[in-house]
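# Examining the three-dimensional arrangement
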Amino acid sequence: MKELGLDLGLFVSQAVNFLLFALLLSMALVKPVMRQLEQRAERIKKGLQDAEEAERMVRLAEAQAQKLVDEARHQAREIVETATRSAEQQRQEILANARQEAYELQQRAHEQLAREEAELQFELRDEMIAVSLAAASRLLEAELDDEHHRRLVQQFLDEARKLPVERT
Amino acid sequence: MDQSTNNNAPQASGEDLPRALVRSAVPLDETQRAAILSLCQEHLGACSSISFEVDKAVLGGVWLRIGDTVVDGSLAGKLEQLAHHLREALREALTYHRPSLT
């Protein structure tokens, strides 16, 4: 050792001093630092977990919001479709009722017209018969001579004698 | 020849015989009047009296009423019957073609 210029006692004492210094340093400084680092790492990890949780919550909220929007759209579409169907049904009913009323009115008008036409025909024919009767009466009155009258009276007597006999 | 009787009228007794009325378009001669009187007594029942009237509306033939019985042998009556049948036939024909109108 001496040939190398080293003093063993000094070397040992220096080594012991270094080990003591390292031990003290470790106890006084490294451990708190390590603990601080661990705490910080823990906080960072927790922060990351919180961020992930927040992101997950945000995604969940977005999904729920999207679901609500979809449901609302679906309901709105159903409401619109229902209202459209109802309106169409009402329109069809109104049209059907209007057509039925128009048909009945037309039928009544036709029947009334036909009745009036028939009544007019009855009246016209009655009038024609009355006129014919009057004309025939005048013609007979003018054309009948005494011989005709005599024969008509005789015809009356012949036919009356054939009637059932009445006794009082 | 049309004969009609009101059956609801009270029957005449022998002392209360009905009067007969005869209408014709021209005056009837005695023979015709006698024949009608005979007709009344033999076929239509006895009558207390018989009156003869001239009515141009009869047109021809004889219209006779004795009590409630009317025997219409006049041309006017025949024409009226013809007109009645014509009216009924026309009404039936029209309603046959249009049954909804009845």
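Look up: the structure comes first, before these words.
### Description of the interface of chain B and chain A
Listed by partner, the interface residues are 40 residues for chain B and 32 residues for chain A. Carbon and sulfur atoms make up 68% of the area that chain B and chain A hide from each other, which totals about 3,300 Å². Our count for the chain B to chain A interface comes out at one salt bridge. A salt bridge links Asp126(A) to Arg87(B); the nearest nitrogen and oxygen atoms lie 3.5 Å apart. Our enumeration of links across chain B and chain A arrives at zero residue pairs in polar contact (both at pLDDT 80 or more). For the side of chain B that touches chain A, the secondary-structure elements that each account for two or more residues are β1 (2–5), α1 (30–43), β4 (61–66), β5 (69–74) and α2 (75–97) of chain B. For the side of chain B that touches chain A, the leading source of residues is α2(B), giving eleven residues. Counted by class, the side of chain B that touches chain A contains 21 nonpolar, twelve polar and seven charged residues.

### Notes on the side chain of His149(A)
Position of His149(A) relative to the elements: it lies in helix α2 (residues 146–161). Assessed through its relative accessible area of 8%, His149(A) is described here as buried. The residues touching His149(A), leaving out its near neighbours within four places in the chain, are Leu144(A), Ala25(B), Val26(B), Leu59(B) and Gly60(B).

### Side note on the environment of Ala83(B)
Structurally, Ala83(B) is set in helix α2. For Ala83(B), the contacting residues outside a window of four places in its chain are Ile129(A) and Leu133(A).

The rules behind these values
- Residues numbered from 1 in each chain as written.
- Chains lettered and ligands numbered in written order.
- Predicted model: local features only at pLDDT ≥ 70, side-chain atom pairs only at ≥ 80, totals over all residues.
- Heavy atoms only, no water.
- Contact = heavy atoms within 4.5 Å.
- Buried area = accessible area lost by both parts, 1.4 Å probe.
- Salt bridge = Lys/Arg side-chain N within 4 Å of Asp/Glu carboxyl O.
- Polar contact = N/O pair within 3.5 Å; in protein donor to acceptor, adjacent residues only side chain to side chain.
- Helix = DSSP H or I, 4+ residues; strand = E, 2+ residues; numbered from the N terminus.
- Nonpolar A, V, L, I, M, F, W, Y, C, P; charged D, E, K, R; others polar.
- Buried < 20%, exposed > 50% of the residue type's maximum accessible area, 1.4 Å probe, protein only.

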